[in-house]
Amino acid sequence: MWRRTGLWLSLALLAAACSGTDGVDSSATPPTSAVSSTPAPVSTMASTTSEPDDGSGRGNEGFTRFAGPPESLGIGDNYFPDLGNPGYDVNHYTLDLVFEPAATRLGGVVTIEATALQALTTFNLDFTGLTIDSVAVDGSEAAFELIEEDVVISPQTPIAQDEEFTIDVEYGGQPRSTGSGAVPFGIGWTTVNGQNYVVAEPDGAHSWFPSNDHPLDKATYTFRINVPDGVTAAASGTFVEQITDVGRSIWVWEMRSPMTTYLATVVIGDFDIVEDPAASLDAGVAIRHVLPAGTTVADWPGLERQGEMIAYLAELFGPYPFETYGIAIVEGFGAALENQTLSLFDRNLAESFFFEDVLIHELAHQWFGDSVSLGQWSDIWLNEGFASYAEWLWIEREQGRATLETGIAVERDQFDEAGFNAPGVPPSFDLFNRAVYRVGAMTLHALRLTVGDDAFFDILKAYAARFANGSAVTADFVALAEEISAMELDDLFDAWLIEQPVPQFPPGE
Ligand code: ARG
Ligand code: ZN
């Protein structure tokens, strides 16, 4: 019986750990604009389209160059108007970087292959923190200017609509964590006890490489990380090769599926890359972990179930979306993050009795968050509610539906007492609050009770398939749920996602 109590306790702890704050905060009200504004019309496969210049000053074309703080340079996110950039679509990033652990110095060249979505005389990349030495567009030096967290680039020759072009940015410096508009702690590059890794969700990627830093612009990646001999440099994706030179190694990794900027990671330090052939067989996916040097899968109890977990979630959600998976175990992060194909875990989480729950949670994000990305940050419940619900599905598998129902009911009632923000309208400065995770997951449970198990799992599979390698907003999910269930579900979603208090669960089948 301890297990039962333990689990629900563990889930609460997890939610707190993930949010980095208590999260249930009655004083935190969402900005009114977030509640009242209609979400920007985002394309569900947005990397193929972009919004035309609407005269708001957001478009690149016609932007008055170097004329003081621009109104908003972003891609159109309703919560983070400065993030991302319209006007072009990145196809591929090559991060060719040298890292010196002793000095914590990062430097090199990022090559960005992009397609212009409109004629461009200037365009912006998100960037902050490090120093840019030079910028070239199609091999010719280009003028650039830093304006707030953007680098505004003026190629010598304007770029025509639909043209493919290449940007090389040479840059370097000491990478550090940076403040975030969305979480109350620093994110980005992290250096702890000789380990280096990246935790960029949601707006920290542009503090370690210049990028179009919004999930609407997904791209493939090549990582070439040059480090001293004896240091391991892992990155998102598939290991390609380790090129050795005098006293150095270049570790090459490829991410062949589209990935959003915040999910790109490197993990550098005294680590072993550990393959797990038995789990790979279970999963039908090559599993490789990045573990503290000298440790193996057997040293991290629970980790041996990763293959079984992939197989189970693939049964529920459809095929695992990428060509590899694994986790990295690091020090000093305090939580876990679903970096694409290489989720990052704090060592303390990996040693906790709820490690399995977090393993499921980050794994589920590979479908929901990574393959199907957010069209806008305010829909964060589409990531966290879904990953939290996957934890419940694992509990149901291990301990039965009755245990699940009891636990959810207890947790639901906790929200009657404390103030909270409805998960569909989270405060922009506290995106990862507890209600996003837990009431988000309850929203899916209410949907399941309303439409029945068959339709519910059809909806999850169809959602993962239809928006795979793309992005979606809440309205896409609601429309799909209505289509598959042939039911009118607006009221249900409004009650759970927007309104207060937390509704009672429907009776179910
Ligand atoms: N998405 C993470 C999770 O799995 C939470 C991340 C919160 N922390 C952060 N640095 N953004 O729950
Ligand atoms: Zn999560």
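Remember, predicted model here, so these are calculated numbers, not experimental data.

Cut-offs used in this document
Residues numbered from 1 in each chain as written. Chains lettered and ligands numbered in written order. Predicted model: local features only at pLDDT ≥ 70, side-chain atom pairs only at ≥ 80, totals over all residues. Heavy atoms only, no water. Donors = N, O, S within 2.8 Å, 3.2 Å for Na, K, Ca; no water. Buried < 20%, exposed > 50% of the residue type's maximum accessible area, 1.4 Å probe, protein only. Helix = DSSP H or I, 4+ residues; strand = E, 2+ residues; numbered from the N terminus. Core = buried A, V, L, I, M, F, W, Y, C linked by side-chain atoms within 4.5 Å. Contact = heavy atoms within 4.5 Å. pLDDT = per-residue confidence, 0-100. Expected span 1.5 Å × (residues − 1).

This part covers the coordination of the zinc ion (ligand 2). Protein coordination at the zinc ion (ligand 2) comes from His361 (NE2), His365 (NE2) and Glu384 (OE), with a distance range of 1.9 to 2.0 Å. Under the relative-accessibility criterion, His361 is labelled buried at 1%.

Going from Glu201 to Pro202, the amide bond is cis rather than trans, its omega being 0°. Turning to its location among the elements, Pro202 is positioned in the loop between strand E11 (195-199) and strand E12 (219-228). Here the bond from Gln500 into Pro501 is cis, since omega is -5°, no more than 30 degrees from zero. Note on placement: Pro501 falls in the segment after helix H12 (490-497). With phi around 55°, Ala486 is a residue other than glycine that occupies positive phi space. Its location among the elements puts Ala486 in the loop between helix H11 (474-485) and H12. Among the residues examined, Ala486 registers a relative accessible area of 69% and is labelled exposed.

A few words on the nonpolar core. Counting 151 residues, the largest nonpolar core has Trp208, Phe223, Leu447 and Phe477 as its most contacted members. The contacts of Phe477, once residues within four sequence positions are left out, are Trp381, Leu382, Phe386, Leu444, Leu447, Ile459, Leu460, Tyr463 and Phe493.

This brings us to the confidence of the model for the chain. Confidence in the prediction for the chain averages 88 pLDDT; 86% of positions are at 70 or higher. This stretch, residues 1-71, has a pLDDT under 50; its non-local contacts, to residues over four places away or in other chains, come to 138 contacts.

On to helix H7 (residues 381-399). Taking 1.5 Å as the rise per residue, H7 with 19 residues should run 27 Å; its terminal C-alpha atoms sit 25 Å apart, in good agreement. Of all 19 residues that make up H7, 16 are buried, and the element is covered over most of its length. Gly400 occupies a position one or two residues after H7 and carries a positive phi of about 95°.

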